[in-house]
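Structural characterization, general
Listed here are the chains, written in short residue letters.
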Amino acid sequence: MQTQPVRNNFPCVPRSVRRALAVNRSLTLLDVIVVGAGPAGNIAAHRLSQLGYKVAVLDWRVNIGEKLCTGIVGRACVERYPPDQADIYRDAQSATVIAPSGKSHEIFNERPQAYIINRVAFVASLARRASEAGASYILGENVVEVQRTDSGVSVHTSSVAGARRYQARVIVIATGFGSPVLRMVGLDDGGSAEYMVGCQTEVVADRLEGTEVYLGETVAPGSFGWLVPLSDSRALAGLVSRHKLNGHMPRFLYSLKQAGKVRSVIKEPKRWGIPIKPLRRTFGDRVLVVGDAAGFVKPTTGGGIYYALLSGEIAADSVNSAFVADDFTAGGLKRYESEWKAVLGRELRIGYYARRMYEALGDDQVECLVNQLLSSRIQQEFMSAREFSFDWHSGLILKAMGHRELGKLIRSLGPMVAAFLPRLGWPVTAQQRVESEVPTGQASVPGGPFL
Ligand SMILES: Cc1cc2nc3c(=O)[nH]c(=O)nc-3n(C[C@H](O)[C@H](O)[C@H](O)COP(=O)(O)OP(=O)(O)OC[C@H]3O[C@@H](n4cnc5c(N)ncnc54)[C@H](O)[C@@H]3O)c2cc1C
């Protein structure tokens, strides 16, 4: 089989980096096509190239990594996928949570738990490493059709230069949120996909000392807003919610200006989706889905960079096994799903139900919960707990549920909250049912089937 020549084209990447991205015009049949040069696609391409496979990464963007994102990653992510030091804006050892009433709570940890990174530079550096390992990058081309046969995969693209076709043995879909490419391989969940909308802009905020997290219905229903410093004067202001953010962002920015936190807004706010539930199926004949496209995001906060990277690596190993066994059928690639579930399944499930539970709270209940959870005594207990992690939330959620005072408070928050308790492995006893006035039988309804 013959494919079109494959080009690397990094017009928005500095010349020094471009030089490192060696041009490879001699590719014929590829082993693997990765669609999407975000964190998930780049890491999969890197690993597969290191293993000796002929890999091409396709992306319609020309500036790799330039997707709406705040760029906060946790310690575990930074330790496993170290960014270049120059790409770390700052670490986050503390944060301020502003409750719906406006009351501030400081959170502090002895060691930095999170890092604010230059996401575009970080993702571009992942691409550079993949390219140095042999992956070819084809930028500015939009994947418009995918055909799978018994012998391979044909990927059709369109771009200003016209239509092209590439062929490979297997395809990894790393196209991020809401991608039509999933439909092309019959793996989209149609109208049943659950997601939040994130809205963010860059602002001048010259008196900001650290990250601020804003809670409450008027800021972001069932979720939160943020102000994240990038430098002494620049910051990112944003909101995320499952609700339609009608007028929330202008109101949020106005209130930040009124409070003297933000001096001016530099850019128009942009919006993008964040999945909160994994796809029902993430593999098929000659295809695997990774990262946001597969719904691998922390449902609690919407952070997805780390899980995108982890899933990209897991997918690369599954593709490798498929090559070894020469079996690219759904049966041969199925192990990918059991492997990502072993790593991410519990986090996605518990995080999802914890989010649903949080979304059921009114402002008064959030206030009450935050007052107790962030009191210095309980904060200390949780920060020093073995389960504390910016990247893995299920341990902490379950610890809170089992905590003598917090657990009691959570279980007293009313029927909407109590209804999620069994989903978090916390049986609703007859006593609690009476206390929270949950009609029998209602407790197991919300949330629907998860995986
Ligand atoms: C407002 C906001 C703030 C966020 N902040 C954080 C944060 O602080 N920390 C965090 O961890 N996560 C954050 N996230 C989530 C994070 O950005 C994603 O989880 C992460 O980027 C997912 O990586 P990915 O590789 O799966 O997909 P993406 O990074 O979305 O990359 C997908 C790539 O596929 C390409 N593509 C799509 N369709 C096609 C096609 N048809 N043909 C060719 N190319 C295609 C796109 O151009 C893109 O480059 C945030 C999200 C939003 C919306």
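Predicted model, so just to flag it, every value in this text is computed and none were measured. Here the residue index of a chain counts from 1 through its sequence in written order. Local features in a predicted model are, by the rule used here, given only for residues with pLDDT of at least 70; side-chain atom pairs are given and counted only at 80 or more, and totals for whole chains, interfaces and linings are based on all residues.

1. Overview of the overall build of the protein
Regarding its fold elements, the protein presents 15 helices and 19 strands. The buried share of the protein, reckoned over its 451 residues, is 45%. Nonlocal contacts in the protein, meaning residues at least 24 apart in sequence, comprise 69% of its contacts between residues at least 6 apart. Under the DSSP-based scheme used, a helix requires at least four consecutive residues in state H or I and a strand at least two consecutive residues in state E, with every element numbered from the N terminus. Buried, partly exposed and exposed are defined by the number of other C-beta atoms within 10 Å of a residue's own C-beta, namely 20 or more, between the two limits, and 12 or fewer respectively, with C-beta atoms placed from the backbone. A pair of residues counts as a contact when their C-beta atoms, built from backbone coordinates, are within 7 Å of each other.

2. Thoughts on the environment of Met-184
Position of Met-184 relative to the elements: it lies in helix H5 (residues 181-184). With 21 C-beta atoms counted inside 10 Å, the residue Met-184 sits in the buried group. Separated by 39 residues in sequence, Met-184 and Glu-145 place their C-alpha atoms 6.3 Å apart. Discounting chain neighbours no more than four positions away, the residues touching Met-184 are Glu-145 and Val-146.

3. Section: the packing of helix H2 (residues 39-50) against helix H7 (residues 305-325)
Axis lines are fitted to C-alpha atoms, over the contacting stretch for helices. Their N-to-C directions set the angle, which ranges from 0 to 180 degrees. Put simply, H2 and H7 touch, their axes get as near as 7 Å, and they point 35 degrees apart. Here the hand of the crossing between H2 and H7 comes out right-handed. Along its contact with H2, which presents Pro-39, Ala-40, Gly-41, Ile-43, Ala-44, Arg-47 and Leu-48, the element H7 presents Ile-305, Ala-308, Leu-309, Ser-311, Gly-312, Glu-313, Ala-315, Ala-316 and Val-319. Here a crossing is taken to be left-handed if its near helix is turned anticlockwise relative to the far helix by less than a right angle, and right-handed if that turn runs clockwise.

4. Some thoughts on the site of the ligand
To decide nearness, the C-beta atom of each residue is placed from the backbone, and the residue is near a molecule or strand if that atom lies within 6 Å of it. Close contacts around the ligand come from 40 residues, with Gly-36, Gly-38, Gly-176, Gly-291 and Gly-304 the closest. Listing elements by their share of the shell around the ligand, those giving two or more residues are H2, strand E2 (55-59), strand E3 (72-74), strand E9 (142-148), strand E12 (195-204), strand E17 (270-275) and H7. Each residue gets one label: Ala, Val, Leu, Ile, Met, Phe, Trp, Tyr, Cys and Pro are nonpolar, Asp, Glu, Lys and Arg are charged, and the others, such as Gly, are polar. Residues that form the shell around the ligand fall into these classes: 20 nonpolar, 16 polar and 4 charged. Looking at the shell around the ligand, you find at least three residues from each of domain 1 (15-66 + 120-192 + 276-333) and domain 2 (72-117 + 195-275). Here the bounds of each domain stem from an automatic or database domain assignment.

5. Points about the sheet that holds strand E7 (residues 114-117)
Judged by pairing direction, the sheet is antiparallel, and its 3 strands sit side by side in the order E3-E7-E4 without closing on themselves. The open sheet is flanked by E3 and strand E4 (88-92), the only strands paired with a single partner. The average angle at which neighbouring strand axes cross in this sheet is 30 degrees, direction not considered. DSSP-based pairing: two strands are paired if at least 2 bridges between them are found.

6. Concerning the nonpolar core
Ranked by size, the top nonpolar core spans 126 residues in total, and within it Val-32, Ile-33, Ala-44, Ile-171, Val-172, Ile-173 and Val-290 carry the most contacts. It is H7 that provides the largest number of residues to this core, a total of 11 residues. Setting aside chain neighbours within four positions, we find Val-32 in contact with Leu-48, Tyr-53, Val-55, Ala-168, Arg-169, Val-170, Val-172 and Val-319. A set of buried Ala, Val, Leu, Ile, Met, Phe, Trp, Tyr and Cys residues, joined through C-beta atoms within 7 Å, is what we mean by a nonpolar core.

7. So, the environment of Leu-239
You can see Leu-239 is positioned in strand E15 (residues 234-241). For the pair Leu-239 and Cys-199, spaced 40 residues apart in sequence, the C-alpha separation works out to 5.3 Å. Sequence-distant contacts of Leu-239, defined by excluding residues within four places in its chain, comprise Cys-199, Val-219, Ala-220, Gly-225, Leu-245, His-248, Met-249 and Phe-252.

8. Observations concerning the confidence of the model for the protein
Per-residue confidence from the predictor is given as pLDDT, running between 0 and 100. Within the protein, residue pLDDT values average 89, and 88% of them lie at 70 or more. Segment residues 1-6: pLDDT under 50, and 21 contacts once partners within four positions in sequence are set aside and those in other chains are kept. Between residues 434-447, whose pLDDT stays under 50, and residues either more than four places distant or in other chains, the model counts 27 contacts.

9. Digging into the pairing of E2
With 5 of its 5 residues buried, E2 lies for the most part within the structure. Burial along E2 is two-sided: Val-55, Val-57 and Asp-59 facing one way and Ala-56 and Leu-58 facing the other are all buried. In this structure, E2 lies alongside strand E8 (residues 136-139), joined through 4 bridges in parallel fashion. Bridging across to E8, Val-57 finds its partner in Tyr-137.

10. Here's the deal with helix H9 (residues 335-359)
In this analysis, the expected span of each helix is defined as 1.5 Å times one less than the number of residues it contains. Here H9 contains 25 residues, and its C-alpha end-to-end distance of 34 Å stays within 8% of the 36 Å for a straight helix at 1.5 Å per residue. To get the bend at a residue, fit one axis to the 7 residues ending there and another to the 7 starting there, then take the angle between the axes. The sharpest bend along H9 comes to roughly 60 degrees, located at Leu-344.

11. Let's talk about the pairing of strand E1 (residues 30-35)
The buried fraction of E1 is high, at 5 of 6 residues. Two elements, E1 and strand E11 (residues 162-173), share 5 bridges in a ladder whose sense is parallel. Residue pairing for E11: Val-35 is matched across the bridge by Ile-173. The pairing of E1 with E2 spans 4 bridges and is classified as parallel. For Val-32, the partnering residue across the bridge sits in E2 and is Val-55. The handedness of the E1 to E2 crossover, carried by H2, is right-handed. Think of it like this: strands point away, you trace from the first strand over the helix to the second, and a clockwise trace means the crossover is right-handed.

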